[in-house]
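Fold and geometry: a report
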Amino acid sequence: MANYQTPESKKQEFRKYLEKSGVIDAFTKVLVGLYEEPERPQNAVDYIKRYMGAPTGIDVEALKAECEQLRKDKADLEETVKSLNEQADA
């Protein structure tokens, strides 16, 4: 039989998980820091990201494209090394 949970019990379980893992404390510290700022930042989300240690202003899509290109370059170089090794052994 399936274990059925009410929406309220799921919320309570998730809340306990957040408390146990320290997420609630971390968010509280961030929000207190934002509240105590003498001048409100233009972008509160960027403030929170910086406070939490996340880098800002990074183009994720460009990094993914660069990573894919580097993987292709690596495969090409590995093929070249393999070919040169075969030539050297002959």
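Provided above is the structure to which this section pertains.
Right, let's walk through the structure included here. Since the model is a prediction, treat every value here as computed from it, not as a measurement. (Residues numbered from 1 in each chain as written. Predicted model: local features only at pLDDT ≥ 70, side-chain atom pairs only at ≥ 80, totals over all residues. Heavy atoms only, no water.)

**Overview of the overall build of the chain**
We apply this condition: Helix numbers and strand numbers start at the N terminus; a helix is a DSSP run of H or I with at least 4 residues, a strand a run of E with at least 2. Residue-level accessible areas treat just the shown protein chains as cover; the underlying method is Shrake-Rupley with a 1.4 Å probe. Residues scored as charged are limited to Lys and Arg (positive) and Asp and Glu (negative), so that His and the chain ends carry no count. A charged residue contributes its charge at one atom only: NZ of Lys, CZ of Arg, CG of Asp or CD of Glu.
For the chain, the helix and strand inventory stands at four helices and zero strands. Across the chain, helices and strands are ordered from the amino to the carboxyl terminus as α-α-α-α. Along the longest, intermediate and shortest principal axes, the C-alpha atoms of the chain span 70 × 55 × 20 Å. As presented, the chain carries roughly 8300 Å² of accessible surface, and 56% of it is formed by carbon and sulfur atoms. A distance of 10 Å separates the average location of the 14 positive side-chain charges in the chain from that of its 18 negative side-chain charges.

**Concerning the environment of Lys 29**
How we decide: To sort residues, take the accessible area from a 1.4 Å probe on protein chains only and compare it with the maximum for the residue type: under 20% means buried, over 50% means exposed, and anything in between is partly exposed.
The residue Lys 29 is located in helix α2 (residues 23-36) in this model. Here Lys 29 falls in the exposed class, since its relative accessible area comes to 56%. Sequence separation of Lys 29 and Ser 9 is 20 residues, and the distance between their C-alpha atoms is 27 Å.

**Quick look at the packing of aromatic side chains**
The criterion, for reference: Each aromatic pair joins two rings of Phe, Tyr and Trp (for Trp, the six-membered one) with centres within 6.5 Å, and gets the label stacked for planes under 30 degrees apart, edge-to-face for over 60, and tilted for any other angle.
A full pass over the atoms with the stated rule returns two aromatic pairs. Plain terms: the ring middles of Tyr 47 and Tyr 51 are 6.0 Å apart, the flat faces sit at 35° to each other, and that makes the pair tilted. On the criterion of helical spacing, the pair formed by Tyr 47 and Tyr 51 is a turn pair, its members being four residues apart in helix α3 (residues 44-52). On the basis of relative accessibility, which here comes to 10%, the residue Tyr 47 falls in the buried class. Tyr 51 sits in the partly exposed class, given a relative accessible area of 41%.

**A closer look at the packing of α2 against α3**
Convention followed: An axis is simply a line fitted to the C-alpha atoms; with a helix, the fit covers only the stretch in contact. Between two such axes, the angle follows the N-to-C directions and lies from 0 to 180 degrees. By definition in this entry, angles of less than 35 degrees are roughly parallel, angles greater than 145 are roughly antiparallel, angles of 65 to 115 are roughly perpendicular, and the rest are oblique. Throughout, a crossing is termed right-handed when the near helix is turned clockwise from the far one, and left-handed when it is turned anticlockwise from it by less than a right angle. The contact definition used throughout considers only heavy atoms, calling two residues in contact when any of these lie within 4.5 Å. Under this grouping Gly is polar, as are all residues other than the nonpolar Ala, Val, Leu, Ile, Met, Phe, Trp, Tyr, Cys and Pro and the charged Asp, Glu, Lys and Arg.
Remark: α2 packs on α3, axes separated minimally by 10 Å, with the N-to-C direction vectors making an angle of 125°. One element, α2, and the other, α3, form an angle in the oblique class. Seen from above, α2 lies across α3 with right-handed handedness. Every residue of α3 that contacts α2 at Ala 26, Phe 27, Lys 29, Val 30, Gly 33 and Leu 34 is listed here: Ala 44, Tyr 47, Ile 48, Tyr 51 and Met 52. Each residue belonging to the contact of α2 with α3 can be placed in one class, and the counts come to nine nonpolar, one polar and one charged.

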